[in-house]
Amino acid sequence: MAWLKSPTAFSHMMRRIGIDADNRRGTSWGPTFLLATPPLVAGVFLLPVHWLFKLAGVALVTLCSVYAAVHTARQLRHRIAEAEMHREYAREMEARSRVDPVTGLSNRVGFEHDLACMMEDLPLGTKLTVMWIDLHRFIETNNSLGHAVGDRVLQEAAERLRANVPDGAAISRFSSDEFVVAAKLASAVKAQEIASALRDALAQPYRVKGHRIESGSMIGVAAMPDDAITQSGLLQAADLALYHAKASGPNEVRFFHDSMTRALARKKEIEAELRAAIQRDELSIFFQPIFDLRTGRIRCFEALVRWFHPEKGELYPDEFIPVAEDTGLIITLGNWITRQAAKAATSWPEHVTLAVNLSPVQIKAPGAALGILAAVRDAGLAPSRLELELTENLFLEDDENTAAFIDMLSAEGIHFSLDDFGTGYSSLSYINRHPFRTIKVDRSFVSGVNAATCSEAIIRAVAEMGRTLDMEIVAEGLETIDQVHSVRAAGCTLGQGYYFSRAVPDFTAAMLLAQEQSRLDRVQSSVVHPIGPEPMHKKAG
């Protein structure tokens, strides 16, 4: 019975039966000891010793059992507390995963959860309205002024949204410059009021770190159950309405309509067919001549893309160019147009130049200038014979990238023309800032329904500016001889329009140049060697 008198011996015995009394951080020995207690007690009574020793052994085993029970209870409480802590941490991490760290609004995951809850609790007769908002020119602000300024603009925009939505509305920052608002509203009229309030609030300038930032927004609106009956359908309808708002320009609000779905289907169809058309060489380049109004000679050809679909016939640029711009295909298409047109221009006389229209989307693409230069070099055309036409709308969002694009190509000898002058936000500042060689007066001032005396005065003013700045002034849309005389008298130096010629294929353009050269040769021949009988005084001499 020495093991009953020695703690070391007792501990050694406990270890031999699988129980470590000193391992207070373990979790297995307590239950094991409790299970082993009945046989231990029975064994003590079976030992051939005095009953006092038996009683002492039972007491010791009982005490150990009580201790084991207490320790097990402590371990259970610890495990329960630990599990609860993990649950709290998991809930906290889940909550964080649904929040945008910049604005404190819900992110996309959080918004979709909130929207699902709002759909489940939508009262009868109430519309669940979603407003998809895109901040105008935020990317330019973020890139030019830095992320710190961009984040502050986002935070201010979030505050403006919070201040102009009804109680219970869900607000989310969906992407870098897009927000989405969901609210339970009684009618479309109320939705219009809130959307207008949001548009007006976001149109106010931002003042961040000494910068005055003009932004604005475009908003697409859709409602359940009018426009969709599922969450994904509702978001898709609002996104489609936003697409149409973007197409209309800044500070526009568009409500979803069924026709938008048909337009989207048509857009996707055109996109797929346009990609295939580029690969199958279904596209063609036509050339419309630009004439010198003083000499009557061809000075330039403007390259215009044409698409002759094998099944649908001719598709007009107004139909497929916007799709190309929206999908990014305009970058590939634009470089292809430049390359093909430049190849045709290499066969023209040196004094005849080539004009190519550029899309703002194409200009803003990375490596745009290098793409233009590569197209010209591949074709073998001198850069000085290429003139790129830019529209005024591009300079509404003038930034360092646009200036760098113009400067890089100007340094290579490429010229620039300002197209459709007078239809956009005309400003003399960018005419003075960028090296334009030509200004094209829009056809609405020449042959449009509003062409009148005031239009002639505008043309005269532009022509006078052109003379002062040593720039060519092109009158577009000339259809009659009277219009030709009028713009020439007003000071325009070049003319373009159906009066002279429609856009023609490359072989017809070459034929026009050949005919012109033939006429010039005949004129020169008649001057040097007059046709008809020789004058009498020459015979006498």
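Structure's up top.
Let us look at the structure shown here. Note that this is a predicted model, so its numbers are computed, not measured.

On the secondary structure map, V149 appears in helix 7 (residues 147-163). Sequence-distant contacts of V149, that is, excluding residues within four places in its chain, are made with T141, V208, K209, H211 and I213.

Attention now goes to the pairing of strand 2 (residues 170-173). Along any regular strand, the residues point their side chains to alternate faces of the sheet. The two faces of strand 2 match: A170 and S172 on one face and I171 and R173 on the other face are all buried. In this structure, strand 2 lies alongside strand 3 (residues 178-185), joined through four bridges in antiparallel fashion. Note that in strand 3 the partner of A170 across the bridge is A182. What sits between strand 2 and strand 3 in their antiparallel hairpin is a turn of four residues.

Relative orientation of the contacting elements helix 9 (residues 231-248) and helix 10 (residues 258-280) amounts to 75°, with a least axis distance of 10 Å. With respect to their mutual orientation, helix 9 and helix 10 come out roughly perpendicular. Note on element contacts: helix 10 touches helix 9 through M260, T261, A263, L264 and K267, opposite Q236, L240, A241, Y243 and H244. Along the lines of polarity and charge, the residues of the contact of helix 9 with helix 10 split into six nonpolar, three polar and one charged.

Here we take up the pattern of salt bridges. On inspection of all chains with the given rule, the structure shows 30 salt bridges. Between R173 and D100 there is a salt bridge, with the nearest N and O atoms lying 3.1 Å from each other. One end of the pair, R173, is in strand 2; the other, D100, is in the loop between helix 4 (51-97) and helix 5 (108-120), and 73 residues separate them in sequence. As far as burial versus exposure is concerned, R173 and D100 are alike and both buried. One salt bridge in this structure joins D292 and R299, with 2.8 Å as the shortest N-O distance. Given a relative accessible area of 7%, D292 falls into the buried group. Through salt bridges with shared partners, a single network forms among R266, E269, E273, K312 and E319.

Calculation notes
Residues numbered from 1 in each chain as written. Predicted model: local features only at pLDDT ≥ 70, side-chain atom pairs only at ≥ 80, totals over all residues. Heavy atoms only, no water. Helix = DSSP H or I, 4+ residues; strand = E, 2+ residues; numbered from the N terminus. Contact = heavy atoms within 4.5 Å. Buried < 20%, exposed > 50% of the residue type's maximum accessible area, 1.4 Å probe, protein only. Pairing = 2+ DSSP bridges. Axes fitted to C-alpha atoms, helices over the stretch in contact; angles between N-to-C directions. Parallel < 35°, antiparallel > 145°, perpendicular 65-115°, else oblique. Nonpolar A, V, L, I, M, F, W, Y, C, P; charged D, E, K, R; others polar. Salt bridge = Lys/Arg side-chain N within 4 Å of Asp/Glu carboxyl O.

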